[in-house]
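Coordinate analysis (summary)
The residues making up each chain are set out below.
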Amino acid sequence: MSETAMDRAARTTPPRMARKIRGLSDRAIAWIFVAPTIFLLLAINIFPLIWTIRLSFTDFRANRPNAEVSWVGLRNYERILNDPEIWQTMQATAHFLFWTLSFQVLIGFALAWLINAKFRGNNFWTTVIVLPMMLSPAVVGNFWTFLYQPQIGLFNYVVAFFSGTDPTSFSMIAEVALAPWAIVIVDTWMWTPFVMLICLAGLRSIPESIYEAAECDRASKWRQFWTITVPMVLPFLMLAVLFRGIENFKMFDLVVQLTGGGPGSTTELTSINLKREAFEKWRTGYASAYAVILFVTVFGLASIYVKAMNKVKER
Amino acid sequence: MTEFFNGLLRLRRGPWEMLASILIAIGVVMLMQPYVLWAFSHSFTVTLAGTVLFLIVSHFPE
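Here is what the cut-offs are and how they apply
- Residues numbered from 1 in each chain as written.
- Chains lettered and ligands numbered in written order.
- Predicted model: local features only at pLDDT ≥ 70, side-chain atom pairs only at ≥ 80, totals over all residues.
- Buried ≥ 20, exposed ≤ 12 C-beta atoms within 10 Å, placed from the backbone.
- Helix = DSSP H or I, 4+ residues; strand = E, 2+ residues; numbered from the N terminus.
- Contact = placed C-beta atoms within 7 Å.
- Nonpolar A, V, L, I, M, F, W, Y, C, P; charged D, E, K, R; others polar.
- Domains from an automatic or database assignment.
- Core = buried A, V, L, I, M, F, W, Y, C linked by C-beta atoms within 7 Å.

**Points about helix H10 (residues 208–216) of chain A**
- When you tally the buried positions in H10 of chain A, you get 0 out of 9 residues, a small fraction of the element.
- Directly after H10 of chain A, the chain includes arginine 218 of chain A, whose backbone phi takes a positive value near 60°.

Encoded structure:
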C-alpha cells in the first residue's frame, strides 16, 4: 500500500510530541489550530474597537499622552450630533455613495452584459476595462487632477468638444457645484470594472439550458432578461454593492489626492473629516466617538444588507 | 399584517428582524438627510437601537 501525506507527517512527528497529541481530543486539537487566529483577531480587531469605545467617553488627546484624561460621558457624541459641519460631511458622503453606487451598478452590469457576448478580442477588452482597478488610488487621484486641469486637461477638452463651451471656462475640482461630481466620476471610472467582474461571474454561472427552455416556451429576449438574467445575477450584484458601499463609506485616499476635501469642505467626506479631527486637531476622544458613530452605521447597514442578500439567495 | 403582529408577540425572528431593519434604515436616512438638523441629532440613537435590536433578535427562533 502506498504511503499517504498523512502517514508521512505522522512518521516525521517527534515521538514526544506524538505522545502528547495522542492524549488530546479532536476538539482540543481543533482549538490549538484556531487559537492563533482568534488571538490575532482579538488583538488587532476587537481590542482596538473596545479601546476606541472607551476613549469616546473621554477627552483624551493623543498628542498629550501624559495629560490627565477626564471622563466626559456622552458629551463627545452630543457635540458631534449637533455640529452642522459634520452634518454637511454626512451629506457629501451620502451624495458620493448614492451616485457612485448607482453609476457603478448600471455601467458595470451593462459592460458585463456586453463582455459576456462572445466576440473577437473579448479577453483583450476585458483586460483593458479592468486596468483602472489595478492602479493605486494615489496615482489615479494624481493623474485625474491633470485631466481636470482647465488649461491642459483632456477632460475639459472632451466636454468642450461635445458641448461647445470654452474648456477653460470651468474647473471640475475648483468649483463648488462640480467638485462633488468630479470625485463621483473618478471613483466610477476606477471601480466600475470591479462590479463588472462580479456581474460577469454571475452571468457566466447561468446555465445555457435555462435560456434554451425559455426559447422553447417562446419567451422574448426582454422577458428572458427580466425573469432569468436579473434574478440570477442579483445575489452577485448585491455582493458587489455591499463591497463598494462599505469601501465608499470609508473613501479617503482618492478624494484627498484629487480635491483634498475642497473647495471649502464641499468634498470633505466623513473619513477625511475624521482624520482631520484625530490627527490634525488631535481631539482623539472626540474622533473616537465619531468613529463609533460611523462604525455603528456601517455595521447596521451591512447587517440588514446581508440579511436581504441571504433572502435573495434562498429564492 | 396580523401575522406580523402575531410574530412580534410570539417573539419570532422574522418580524423582529424586519422591525430592527426598519429602525436602522430610518436612522441612516436621518443621519444623511439634508433637511432637518433635529433628525441628524437623533439619528445615532435610532441606528444604535436598531443595530442592538438586530443583534438580539437574530438569536430568536424562526
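The discussion continues.
**Examining the interface of chain B and chain A**
- Listed by partner, the interface residues are 18 residues for chain B and 17 residues for chain A.
- Every element with two or more residues in the side of chain B that touches chain A is listed here: helix H2 (13–32) and helix H3 (37–57) of chain B.
- Considering each element in turn, the side of chain B that touches chain A owes the most residues, 9 residues, to H3 of chain B.
- For the side of chain B that touches chain A, a count of residues per class yields 11 nonpolar, 6 polar and 1 charged.

**Quick notes on the domain arrangement of chain A**
- When its domains are assigned, chain A resolves into domain 1 (5–55) and domain 2 (76–314).
- Each of domain 1 of chain A and domain 2 of chain A was reduced to a C-alpha centroid, and the two centroids are 39 Å apart.

**Re unusual backbone geometry**
All names here are of chain A.
- Cis geometry is found at the peptide bond from glycine 262 to proline 263, where omega equals -5°.
- The backbone of arginine 218 sits at a positive phi, close to 60°, despite the residue not being glycine.
- Not every positive phi belongs to a glycine, and tryptophan 282 is a case in point at roughly 55°.

**A closer look at the nonpolar core**
- In terms of nonpolar packing, the biggest core is built from 35 residues, with Ala182, Val186, Cys199 and Leu258 of chain A touching the most fellow members.
- At the level of secondary structure, the elements contributing two or more residues to this core comprise helix H5 (84–116), helix H7 (137–147), helix H9 (179–204), helix H11 (221–249) and helix H12 (253–258) of chain A.
- The greatest single-element share of this core, amounting to 14 residues, is contributed by H9 of chain A.
- If near-sequence neighbours (up to four positions away) are discounted, leucine 258 of chain A is found in contact with Gly141, Trp144, Thr145, Ile173, Ala182, Ile183 and Val186 of chain A.
- Grouped together as the second largest cluster of nonpolar side chains are 29 residues, Ile86, Met90 and Ala291 of chain A together with Met32 of chain B included.

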